[in-house]
Amino acid sequence: MRILLYNPDNGVTRNFMPHLWMFLLQALTPPGHEVLLIDGNAQPMDEAQIAQFVRERNIGLVGIGAMTRMIAKAYRTADAIRATGVPVVMGGPHVTELADEALGRDGGPRHADAVALGEADETWPQIVNDAVRGELKDIYAPVDSAGKERKPPLNPYPVIPWDSIDLNQFNLVPKAAYPLLKQVGEGWGTFRIIPVESGRGCPYGCEFCTVTGFFGDSIRFRTNESVVDELLLLKARARSEKGQMAVFFIDDNFAINLKRTKSLLRDIIAAKAQVHWVAQISANLLRDEELVDLIAASGGKWVFIGMESIDPVNLKDVNKGFNKPGEYAAVLERLAKRNVYAITSFIFGMDNDTTGVAERTLEQVRTWPPGLPIFGLLTPLPATPLYKRLETAGRLTRPRHWQEFIPFTMAHTPLKMSIGEAHAEVKYGWAHAYSPEALAQAVDSLDDEPLGYRINIFLARLCFRGIYFPMMGKLAWLKVVAQNRQTIFKLVREGFFGRRSHPRNPDVQDSYEDMAAPDVSGEVSA
Ligand code: B12
Ligand code: SF4
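Read on for an overview of the structure.

Cut-off values and rules
Residues numbered from 1 in each chain as written. Chains lettered and ligands numbered in written order. Predicted model: local features only at pLDDT ≥ 70, side-chain atom pairs only at ≥ 80, totals over all residues. Heavy atoms only, no water. Helix = DSSP H or I, 4+ residues; strand = E, 2+ residues; numbered from the N terminus. Rg over C-alpha atoms; globule rule 2.2 N^0.38 Å. Buried < 20%, exposed > 50% of the residue type's maximum accessible area, 1.4 Å probe, protein only. Contact = heavy atoms within 4.5 Å. Areas by Shrake-Rupley, 256 points an atom, 1.4 Å probe, with all protein chains shown as cover. Lys, Arg positive; Asp, Glu negative; His and termini not counted. Charge placed at Lys NZ, Arg CZ, Asp CG, Glu CD. Expected span 1.5 Å × (residues − 1). Core = buried A, V, L, I, M, F, W, Y, C linked by side-chain atoms within 4.5 Å. Salt bridge = Lys/Arg side-chain N within 4 Å of Asp/Glu carboxyl O. Pairing = 2+ DSSP bridges. Polar contact = N/O pair within 3.5 Å; in protein donor to acceptor, adjacent residues only side chain to side chain. Right-handed = clockwise from strand over helix to strand, strands pointing away. Axes fitted to C-alpha atoms, helices over the stretch in contact; angles between N-to-C directions.

Another aspect to go through is the overall build of the chain. Scanning the chain from terminus to terminus reveals 20 helices and 14 strands. In terms of overall size, the chain behaves like a compact globule, its C-alpha atoms giving a radius of gyration of 23 Å where 526 residues would be expected to give roughly 24 Å. Dimensions of the chain, computed from C-alpha atoms along their principal axes, come out at roughly 70 × 55 × 50 Å. Across the 526 residues in the chain, those meeting the buried criterion constitute 54%. Contacts in the chain between residues at least 24 apart in sequence constitute 72% of all its contacts with a sequence separation of at least 6. When the accessible area of the chain is evaluated, it comes to approximately 22300 Å², of which 54% is carbon and sulfur surface. Each charge sign in the chain was given a centre, from 58 positive and 62 negative side chains, and these centres are 3 Å apart.

Encoded structure:
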C-alpha cells in the first residue's frame, strides 16, 4: 500500500523545520509499504491539490498530524481526501484531547476514519495492518494487555535513515544558489534543521502547556548511543552533499535530568558527533556552569527559554514559579560568555499583566545579551488546566477558537486589561524588538565577536521577525532588506574589507565558521 503522511501548514507563518512524527512513523511502518511525506510548511497545497495528489498517486491511506493551531486546515484536508474514498487517520495533540470532534461524535461533521490517541509509536503498525484489511477501528489507544495506558519506552528507538531519506523539500538554501554555495567553506549547498528527540515527558505541569498531560510527568530517554549515532548519520549526510545540518533537540526540557544531559553531551563530544544545535531548556537548569560549558563544547548555539513573564505573580499563577525573573540576566550572560545565545519566549495577557507590559519587558530585554525575544498571548489549549480554569470561570470568549484560527488573537478575557490592549502589547513587543534600529543594536552589541556571530544574529532576527510580520513573498523580503540596508551594508563591507577599527578587542579575527542561523520560526515553551 502507498501511504501519505501529511502535516498541514497554518497558512500564516512557515516553520522550516520538518516535523519529527512523520519520519518516526515512516521508520515504524511495517515492511512492504511505500510512505510519502508532505509537509505543508515546505510544500503548501490546498485541499483540492492534496485530494488530486492522493488520487493520482494511488494512495491507500493518509495520516494527518496537527497541532491545535492547524487543526481547521487538517479537518478541511481530511474532508477532501475522504471525499475521494481514501481513509484518513489523524493523530497528534489536538485530536488526542478532542477525539470526538475528529470522529464527529460531538454533533459536528466527521473528519477522520480513525484517531490515534497519544504516542502512536506502538499503535501505528497495527493501524497500517488494519487499513490494509479495510478494518480500521475508530480509536487506537496505546494500552498494555491489562488495558492500562502505556507510554512507549524510547529504548530501543527506531533508526531514522537520515542518510537516504528524500529531504529535498526541507532544504533552506534556494536551488539556484546551490552550485555556488556548496563551494563556500565546507559547503553551504544545503542547510537543514532536523528535529531529533533524546527524551519525552516533563514533570513541571505549567498550566498552559499540553506536554505534561500528553507525554506524562515521568521522563523517558533514548540511550546516548542511539542519539550519538543519529547525529553521526546527519553529519555524514551533510558532508556528502556539501551542505550543513543543524539539529533541534525537540525535548521539552533538554536538561531535565542534569546528570543524563551532561553524560549525553560528553558522549557527543567524545564521538566527534557535534553539529550546531538548539534545544529548549528552562532557566532554572541553566544555573549549572558545567552544563553550560558542555552545551558550548558539544555544538549548542541557541537555547530556547520559556521565560513567559518578568512578573513572579504571573509565573505563580500559571504554575511556573520555578522561573525566577531575578536570575534571567545571569543565565543569559552565562550562555553568552560561551557564545551561546537565547530565544526568550514571553506570554502577554496573563492575569496580572497591565498595559505597558511589553515596554516593561523590553526594558529588561535591552539590558541582556542579544538574543531572539518572541511574544505570544496566553492561549487556552484544549484539555490544559488553563482551559479548564477559564471555562469554569466563564472567561472563554471563543471556546472553540481552533475552529477559526486567527493568529495572535486571544480566546479569553485577561483580568487587568482588555483583549484589545493585550493584542496591542504583543504588537508593540514585536515592532520594537525587530525594528531596523533594534536589529542594528543587536549586531553592534556583538562588536567584540567575530563577523560570523554578528551575521548569525542578524539573519536569525530577520527570520524571527516573520513570526509576527508575515514575510511569505519575495516582495515582503525585499522591503525588509531595504529597511535594514544600513546594517546589511555594514556587514558586507566588513566581510570584504575587514573591520576598520575594533573598539574593544583588537585580536578578533572575522570568520564565517560559526555561522549557523537557525530558522525556528514559531514558539514553544520550556
Ligand atoms: C518542535 C516543536 C515545535 C516546532 C515546530 C514543529 C516542528 N517542525 O517540529 C516549533 C518550534 C516551530 C513549534 C512552534 C509552535 N508550537 Co510546538 N512543539 C514542538 C515540540 C517541542 C516537539 C514536537 C515533536 O516533534 N514532538 C515529538 C513527536 C514524536 O511527538 P508528536 O509530534 O506529538 O507525535 C507523536 C504523537 O502525537 C503521534 N502523532 C502525531 N502526529 C500524528 C499523525 C498520525 C497520522 C498518527 C497516527 C500519529 C501522530 O505519534 C507521534 C509519535 O508518538 C512540541 C512538544 C512535544 N514534546 O511534542 C511542541 C508543541 C507541539 N507545540 C505547541 C505549540 C502550542 C506551538 C506554538 C503554537 C506556540 C506555543 N505557544 O508554544 C507554535 C506554533 C507553530 C507554528 N508555526 O504554527 C504545543 C501544541 C499543543 C496543541 N494542543 O496544539 C506543544 C505540544 C507544546 C506545548 N507547549 O503544549 N513547535
Ligand atoms: S512549559 Fe515547558 S517546563 Fe512547563 S510543563 Fe510545558 S514543557 Fe514542561
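Here we come to helix α3 (residues 71-82). Look at α3: 16 Å from first C-alpha to last across twelve residues, which is about the 16 Å you get at 1.5 Å a residue. Counted residue by residue, α3 has nine buried out of twelve residues, so it is predominantly covered.

If you look at the biggest cluster of nonpolar residues, it comprises 112 residues, and the most contacted ones within it are W124, F249, L286, I305, L335 and W430. A total of ten residues in this core trace back to one element, the largest contributor, which is helix α18 (residues 451-468). Apart from the residues lying within four places of it in its own chain, the contact partners of L286 are I281, L291, V292, I295, V303, I305, V331, R334 and L335. Core analysis: the second largest hydrophobic core is formed by 41 residues, V88, A99, F322 and W402 among them.

To continue, consider the pattern of salt bridges. A side chain of one charge can pair with a side chain of the opposite charge if their charged atoms are brought near each other. Per the counting criterion, the structure on display carries 34 salt bridges. As a salt-bridge pair, D121 and R200 come within 3.0 Å of each other at their nearest N and O atoms. Within this pair, whereas D121 is found in the loop between β5 (114-116) and α6 (124-132), its partner R200 is found in strand β8 (residues 199-200), the two being separated by 79 residues in sequence. Here D121 and R200 have matching classes, each one buried. Across the salt bridge formed by D130 and K137, the nearest N and O atoms sit 3.0 Å from each other. On the basis of relative accessibility, which here comes to 3%, the residue D130 falls in the buried class. According to the relative accessible area criterion, K137 is partly exposed, its value standing at 40%. What emerges from the salt-bridge pattern is a single network uniting E119, D121, E197, R200 and R220.

What follows concerns the pairing of strand β12 (residues 300-308). Within β12, nine of the nine residues are buried, leaving the element largely enclosed by the surrounding structure. In the sheet, strand β11 (residues 276-280) pairs with β12 via four bridges, with the strands oriented parallel. Looking at β12, one finds that Q280 is bridged to F304. Note that β12 and strand β13 (residues 341-348) share six bridges and pair parallel.

Residue P156 is reached from N155 by a cis peptide bond, and omega for that bond is 10°. Mapped onto the elements of the fold, P156 is located in the loop between β6 (139-140) and α7 (178-181). Although it is not a glycine, N58 adopts a positive phi angle of roughly 55°. Residue placement: N58 occurs in the loop between α2 (47-56) and β3 (61-65). Overall, N58 belongs to the exposed group, its relative accessible area being 63%.

It is worth spelling out the side chain of E230 at this point. Position of E230 relative to the elements: it lies in helix α9 (residues 224-240). At 2.8 Å, the side chain of E230 forms a polar contact with the side chain of W162. Only 2.6 Å separates the side chain of E230 from the side chain of R222, close enough to count as a polar contact. Ignoring anything within four residues of it in the chain, the contact list for E230 reads Y157, I160, W162, V196 and R222.

Looking now at the environment of A99. Inspection of the secondary structure assignment puts A99 in helix α5 (residues 99-102). Distance in space between the C-alpha atoms of A99 and D144 is 20 Å, their sequence separation being 45 residues.

Turning next to the environment of V313. Of note, V313 is situated in helix α12 (residues 312-317). Residue classification places V313 among the partly exposed positions, given a relative accessible area of 43%. For the pair formed by V313 and R485, sequence separation is 172 residues and the distance between their alpha carbons is 42 Å.

Okay, helix α20 (residues 485-497) next. Taking 1.5 Å as the rise per residue, α20 with 13 residues should run 18 Å; its terminal C-alpha atoms sit 18 Å apart, in good agreement. Taken together, the buried residues of α20 touch α17 (436-444) and α18. The first or second residue beyond α20 is G498, which carries a positive phi of 80°.

Let us now look at the side chain of T361. Relative to the assigned elements, T361 resides in helix α14 (residues 357-365). Apart from residues lying up to four places away in sequence, T361 is in contact with I310, F346 and F348.

What follows deals with the pairing of β13. Counting buried positions over the eight residues of β13 gives eight, a clear majority of the element. In β13, alternate side chains face the same way, and those of Y341, I343, S345 and I347 on one face and A342, T344, F346 and F348 on the other are all buried. The pairing of β13 with strand β14 (residues 372-377) spans six bridges and is classified as parallel. Bridge pairing links I347 to G376 in β14. In this fold, the crossover linking β13 to β14 by way of α14 has right-handed handedness.

Here we take up the sheet that holds β3. The sheet built from six strands is open, its strands ordered β2-β1-β3-β4-β5-β6 with parallel pairing. Lying at the two open borders of the sheet, with one neighbouring strand each, are β2 (34-39) and β6. In this structure, β3 lies alongside strand β4 (residues 88-91), joined through four bridges in parallel fashion. Bridge pairing links G63 to V89 in β4. Most of the contacts of helix α1 (residues 20-28) go to strand β1 (residues 2-7), to which it runs at about 160°, and overall it touches β1, β2 and β3.

Reading across from one edge, β7-β10-β11-β12-β13-β14 is the order of the six strands in this open sheet, with parallel pairing throughout. The two strands at the open ends of the sheet, each matched to only one other strand, are β7 (191-196) and β14. Recorded for the sheet is a direction-independent mean angle of 20° between the axes of neighbouring strands. Contacting β13 and β14, helix α16 (residues 419-433) crosses the sheet at an angle of about 165° to β14.

By themselves, these observations are geometric and do not establish any function.
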